[in-house]
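Chain residues, written in single-letter form:
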Amino acid sequence: MGLAAEPASSNDDKTPLLLSHPLKRTGTVWTAVAHIVTGVIGSGVLSLAWSIGQLGWIAGPFSILIIASFTLISSFLLSNTYRSPHPQFGPHRSASYLDAVHSHLGLKNGRLCGLLVNISLYGFGIAYVITSAISIRTILVSICYHTNEEEVACEFVDAYYMLIFGAIQVVLSQIPNFHNIEWLSVVAAIMSFAYSFIGMALSILQIKEKGYVEGSIEGIRSRSRTEKLWLVAQALGDISYSYPFSTILLEIQDTLKSPPPENQTMKKASVISVAITTFFYLGCGGAGYAAFGNDTPGNLLTGFGSSKYYWLVNFANVCIVVHLVGAYQVYSQPLFAIVENWFRFQYPDNEFVNHSYFLKLPFLPDFELNFLRLSFRTAYVASTTVIALMFPYFNQILGVLGSLIFWPLTIYFPVEMYLGLSNTEAWSAKWIMLRSLSILGFVFGLFTLIGSIQGIVTQKLS
């Protein structure tokens, strides 16, 4: 997605005459909806049944609706920062989220934003290692359970599959860059919709077989009120991980044709996209909690190991692994580019940094080997794998990532940019509402972050 790349140079309406191939923006509201929905729906949807389970039948769906509302407000504010100084007719365009923060809030805020984005990208890599290992283990447990007539202990250790996933990523990471990853995005979208729909369908079938709906208003019971408080925080963190698309919104808006004004098209696309994802999340999360009740697993698909539709569950888990193998690279390549370009800028004459060797392999095209790329990317993949091995806690890791991203990237920066560009008068009704939204988002993010970290510590100590 290029989320962590250096800010793109701003474009204006008048393309310089020196460009023989001016940029054509042909996107519509429906192409924007497609980009948003496929960019948002992913492995986080598998945690929503557990999240609703912790919150209960009233607070769970209500929390999804509230976070959806925050996301929609954020998208409205952010879409008005694409052009400046006027949101519809301004000549200056911000082609990416980082570009907008740099342009409207200055270098220091731009660097802070870049740091947060890069931390989140690194965190996604850790989450993908954990999730892939869980899916591989679930497949093997299912095969073991259904191929052994006698009762045997079908136990597999996630660590082995994390190492295998890491080894695959070490190889894939040596690809210099992805000049064209549209095919990868298409595959990822198909895979994510496949396993999400399968999870929802299996939950509905289980409800039908039972003949009643599980769950309660207060949610899954805990041993103490304090434990319940932390689990609620983790659940809210998981929901906030599943929603925001602020970091890709301006890149999508930069593809839209005009007229009509890009911000109007983007607002329509945001409304439709949030409506689709909210309906999907309520359906998938609600059906999962209704199917399992107090036994709702952290990862929805792990609850169907003994199902008679185990072959379908296995297929869904294969879809997850395929999706995350590619997604790891999509989210890591921008970080690779930033670090390696920095080294090349600092050491332009260093052979280790800049020289490439071409290896001729039998039956394969020539392979370009660069020692900086080999060492750095291998160390990067190894570090995400080691951290995943140390903290293999699916829901808590998603909660931490959601907490880190939600307030600064979804609320704080969009609010600050909008207030600056709109020249909103201090202490006016709009100013008070937006400042209150930012404060509320900060408290929410801090609460979910503390709860998710507490969950990791508790899991580790236990």
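As for the pattern of salt bridges
Now for step 1: Inspection of the entire model under this criterion finds nine salt bridges.
Now for step 2: The closest approach of N and O atoms between Glu262 and Arg83, which form a salt bridge, is 3.0 Å. Of this pair, Glu262 sits in helix H8 (residues 262-292) while Arg83 sits in strand S1 (residues 83-84), and the two are 179 residues apart along the sequence.
Now for step 3: For Glu262, a relative accessible area of 1% gives the class buried.
Now for step 4: We note a salt bridge from Glu340 to Arg377, for which the minimum N-O separation is 2.7 Å. One end of the pair, Glu340, is in helix H9 (residues 310-346); the other, Arg377, is in helix H11 (residues 371-390), and 37 residues separate them in sequence.

Digging into the packing of H9 against H11
Now for step 1: It is at 11 Å that the axes of H9 and H11 come closest, and there the two elements cross at 135 degrees. With respect to H11, the axis of H9 lies oblique. Considering how the two elements wind past one another, H9 and H11 form a crossing that is right-handed. Contact residues: Tyr328, Ser332, Gln333, Leu335, Phe336, Val339, Glu340 and Phe343 in H9; Leu372, Arg373, Phe376, Arg377, Tyr380, Val381 and Thr384 in H11.
Now for step 2: Residue classes in the contact of H9 with H11 are distributed as nine nonpolar, three polar and three charged.

A word on the environment of Trp407
Now for step 1: Its location among the elements puts Trp407 in helix H12 (residues 394-422).
Now for step 2: Considering only alpha carbons, one finds Trp407 and Leu437, 30 residues apart in sequence, at a separation of 9.9 Å.
Now for step 3: In contact with Trp407, not counting residues within four places along its chain, are Tyr412, Ser438, Gly441 and Phe442.

Some words on unusual backbone geometry
Trans peptide bonds make up the majority, and among non-glycine residues the majority have a negative phi.
Now for step 1: Phi at Asn423 is positive, roughly 50 degrees, even though this residue is not glycine.
Now for step 2: With respect to the element layout, Asn423 can be found in the loop between H12 and helix H13 (429-461).
Now for step 3: What makes Asn423 exposed here is its relative accessible area of 65%.
Now for step 4: With phi around 70 degrees, Trp427 is a residue other than glycine that occupies positive phi space.
Now for step 5: Its location among the elements puts Trp427 in the loop between H12 and H13.

A few points about the packing of aromatic side chains
Now for step 1: Evaluation of the coordinates by the stated rule reveals 22 aromatic pairs.
Now for step 2: With a centroid separation of 5.8 Å and 70 degrees between ring planes, the pair formed by Phe124 and Tyr241 is classed as edge-to-face. Here Phe124 is found in helix H3 (residues 97-147), whereas its partner Tyr241 is found in helix H6 (residues 225-242), with 117 residues between them in sequence.
Now for step 3: By relative accessible area, Phe124 is classed as buried at 10%.
Now for step 4: Judged by relative accessible area, which is 14%, Tyr241 ranks as buried.
Now for step 5: Through a chain of ring-to-ring contacts, the aromatic side chains of Tyr122, Phe336, Phe376 and Tyr380 assemble into a single cluster.
Now for step 6: Positioned above the aromatic ring of Phe76 is the side chain of Lys267, whose terminal nitrogen or guanidinium carbon lies 5.9 Å from the ring centre.
Now for step 7: When the ring centre of Phe391 is taken as reference, the NZ or CZ atom of Lys460 above it lies at 5.5 Å.

Examining H8
Note: α-helices contain 3.6 residues per turn, so residues at a spacing of three or four share the same orientation.
Now for step 1: A rise of 1.5 Å per residue sets the reference length of H8, with its 31 residues, at 45 Å; its end C-alpha atoms lie 44 Å apart and thus fit the reference within 8%.
Now for step 2: The first or second residue beyond H8 is Gly293, which carries a positive phi of 60 degrees.

Structural notes on the side chain of Ser47
Now for step 1: Assignment of secondary structure puts Ser47 in the loop between helix H1 (29-40) and helix H2 (48-79).
Now for step 2: Engagement of the side chain of Ser47 in a polar contact is seen with the backbone oxygen of Gly44, the distance being 2.8 Å.
Now for step 3: Ignoring any residue separated from it by four or fewer positions in sequence, one finds Ser47 in contact with Asp238, Gly298, Phe394, Asn395 and Leu398.

About the thresholds
- Residues numbered from 1 in each chain as written.
- Predicted model: local features only at pLDDT ≥ 70, side-chain atom pairs only at ≥ 80, totals over all residues.
- Heavy atoms only, no water.
- Salt bridge = Lys/Arg side-chain N within 4 Å of Asp/Glu carboxyl O.
- Helix = DSSP H or I, 4+ residues; strand = E, 2+ residues; numbered from the N terminus.
- Buried < 20%, exposed > 50% of the residue type's maximum accessible area, 1.4 Å probe, protein only.
- Axes fitted to C-alpha atoms, helices over the stretch in contact; angles between N-to-C directions.
- Parallel < 35°, antiparallel > 145°, perpendicular 65-115°, else oblique.
- Left-handed = near helix turned anticlockwise from the far one by under 90°.
- Contact = heavy atoms within 4.5 Å.
- Nonpolar A, V, L, I, M, F, W, Y, C, P; charged D, E, K, R; others polar.
- Phe/Tyr/Trp six-rings, centres within 6.5 Å; stacked < 30°, edge-to-face > 60°.
- Lys NZ or Arg CZ within 6 Å of the ring centre and 35° of its normal.
- Expected span 1.5 Å × (residues − 1).
- Polar contact = N/O pair within 3.5 Å; in protein donor to acceptor, adjacent residues only side chain to side chain.

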